[in-house]
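Residues per chain are reported as follows:
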Amino acid sequence: MAEAVAQAGLPPITPAYLATAFSDDMWKTAEHTVRALRDHFASARFADETTYGILLVPDPAKLDTRRPMPPSVRADQLGTPTDDVFDERLPAGTLGTRPGIPWTMVATITGAYGPSLGSHNQIVTAPPASFTVTGTDTRNLMIRQLWGARVLQSGPNLPDCEANQRWTFTLFPGEGLTGDQAESGTVLKGKVRFRLGKPTRTIASARTAPAITIPPST
């Protein structure tokens, strides 16, 4: 994984980098935003098993987490070089971060499970107030790019994985439907999977990841 980051021309995420790349004001905003997300979705189904924190999303022009990663990257995560499963019907995908920034700070789910907030269709048709935190509609960043970055950042402790206490998948309602099918991501049968499924699924395994970008200091 470190080799893939270096080959992409991205700086390694070290304590020194974190201290210099993000200002004190950004860290304070991040702490406030993480707390606001946790409070807003505290009554959601399975809120007690969710962990909010800071996700660092790589520059999509250098390392595009909307797409499959090289098998060598997954060797660190799955124990053997493994191809991702990517449904070729999927479009390019939404970009939630701007190219040109090495690592973008995002407040979101960082643990194994997100909250259950309904099906794709229920989420996209819900009143904005249900998903608006600190003035931001958190549905906009419920996208493939952030889930791909979350999987990458998780190392061997993969989210939405069958090896966890419970298997889940994360919905991407920030992406449009492909035909009549909704996007989601999961780790199943030893592979990271970017897939399509019914937009009406409300089963307990269907989770989401509300997210808010932390803006750079001016």
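Structural data are supplied above this passage.
Keep in mind it's a predicted model, so treat the numbers as computed, not measured.

Conventions we followed
Residues numbered from 1 in each chain as written. Predicted model: local features only at pLDDT ≥ 70, side-chain atom pairs only at ≥ 80, totals over all residues. Heavy atoms only, no water. Helix = DSSP H or I, 4+ residues; strand = E, 2+ residues; numbered from the N terminus. Rg over C-alpha atoms; globule rule 2.2 N^0.38 Å. Buried < 20%, exposed > 50% of the residue type's maximum accessible area, 1.4 Å probe, protein only. Contact = heavy atoms within 4.5 Å. Areas by Shrake-Rupley, 256 points an atom, 1.4 Å probe, with all protein chains shown as cover. Core = buried A, V, L, I, M, F, W, Y, C linked by side-chain atoms within 4.5 Å. Phe/Tyr/Trp six-rings, centres within 6.5 Å; stacked < 30°, edge-to-face > 60°. Pairing = 2+ DSSP bridges. Axes fitted to C-alpha atoms, helices over the stretch in contact; angles between N-to-C directions. Expected span 1.5 Å × (residues − 1). Arc of directions from axis to C-beta.

Caption draft 1: Main features of the overall build of the protein chain. Looking only at helices and strands, the protein chain has six helices and 10 strands in total. Taking 2.2 N^0.38 as the reference for a compact globule, 218 residues should give roughly 17 Å; the C-alpha atoms of the protein chain span a radius of gyration of 16 Å, in line with that estimate. Taken along its principal axes, the extent of the C-alpha atoms in the protein chain is 45 × 40 × 30 Å. Looking at the protein chain as a whole, 50% of its 218 residues qualify as buried. By sequence separation, contacts in the protein chain at least 24 residues apart represent 78% of the contacts at least 6 residues apart. When the accessible area of the protein chain is evaluated, it comes to approximately 9900 Å², of which 54% is carbon and sulfur surface.

Caption draft 2: Representation of the nonpolar core within the structure. Core analysis: the biggest nonpolar cluster contains 33 residues, and Phe22, Leu37, Phe41, Trp103, Leu117 and Phe131 have the highest contact counts within it. For this core, the secondary structure elements donating two or more residues are helix H1 (2–7), helix H3 (24–40), strand E1 (52–58) and strand E3 (103–109). The dominant element in this core, judged by the number of residues it contributes, is H3, at five residues. With sequence-adjacent residues up to four places away left out, Trp103 is seen in contact with Val5, Leu10, Pro11, Ile13, Tyr17, Phe22, Leu56, Val57 and Pro58.

Caption draft 3: Summary view of the environment of Ala204. When you line up the elements, Ala204 lands in the loop between strand E8 (191–197) and strand E9 (206–207). For Ala204, a relative accessible area of 29% puts it in the partly exposed group. Each C-alpha atom of the pair Ala204 and Trp167 lies 9.7 Å from the other, and the pair is 37 residues apart in sequence.

Caption draft 4: How the structure looks around the packing of aromatic side chains. Summed over all chains, the structure comprises seven aromatic pairs. Aromatic pair Phe41 and Phe131: ring centres 6.2 Å apart, planes at 45°, arrangement tilted. Taken together, the residues Phe41 in the loop between H3 and E1 and Phe131 in the loop between helix H5 (120–125) and strand E4 (132–133) connect sequence positions 90 residues apart. The buried category is assigned to Phe41, whose relative accessible area is 4%. For Phe131, a relative accessible area of 4% translates into the label buried. Residues Trp167 and Phe169 carry aromatic rings whose centres are separated by 5.7 Å and whose planes lie at 45° to one another, so their mutual orientation is tilted.

Caption draft 5: Fine view of the sheet that holds E9. Strand order in the open sheet made by the five strands is E2-E8-E7-E6-E9, with mixed pairing throughout. Each of the sheet's edge strands pairs with one partner strand only, and the pair in question is strand E2 (85–86) and E9. In the packing of helix H6 (residues 144–153) onto the sheet, the strands contacted are E2, strand E6 (169–171), strand E7 (182–188) and E8, and the crossing angle to E8 comes to about 160°.

Caption draft 6: Representation of the sheet that holds strand E10 (residues 212–213) in the model. The strand order across the open sheet built from three strands is E1-E3-E10, with neighbouring strands paired in antiparallel fashion. If you trace the sheet from one side to the other, it starts and ends with E1 and E10, each paired once. Sitting on the sheet, H3 touches E1, E3 and E10, and the angle it makes with E3 is about 25°. Docked against the sheet, H6 engages E1 and E3, running at close to 100° with respect to E1.

Caption draft 7: Focus on the environment of Val34. Within the secondary structure, Val34 is located in helix H3. The exposure class of Val34 is buried, given its relative accessible area of 10%. When the C-alpha atoms of Val34 and Gly96 are compared, they prove to be 18 Å apart, with 62 residues separating the residues in sequence.

Caption draft 8: Spotlight on H3. The terminal C-alpha atoms of H3 lie 24 Å apart, and with 17 residues this matches the ideal 24 Å at 1.5 Å per residue to within 8%. Taken as a whole, H3 has its buried residues at Met26, Ala30, Thr33, Val34, Ala36 and Leu37. Buried residues along H3 cover an arc of 165° about the axis, so they all sit on one side. Along H3, the residues that are exposed and aim more than 90 degrees away from the buried face are Asp24, Asp25, Lys28, Glu31 and Asp39. If you follow the buried residues of H3, they end up packed against E1, E3, E4 and E10.

Caption draft 9: Main features of the side chain of Ser184. Secondary-structure assignment places Ser184 in strand E7. Since its relative accessible area comes to 1%, Ser184 is described here as buried.

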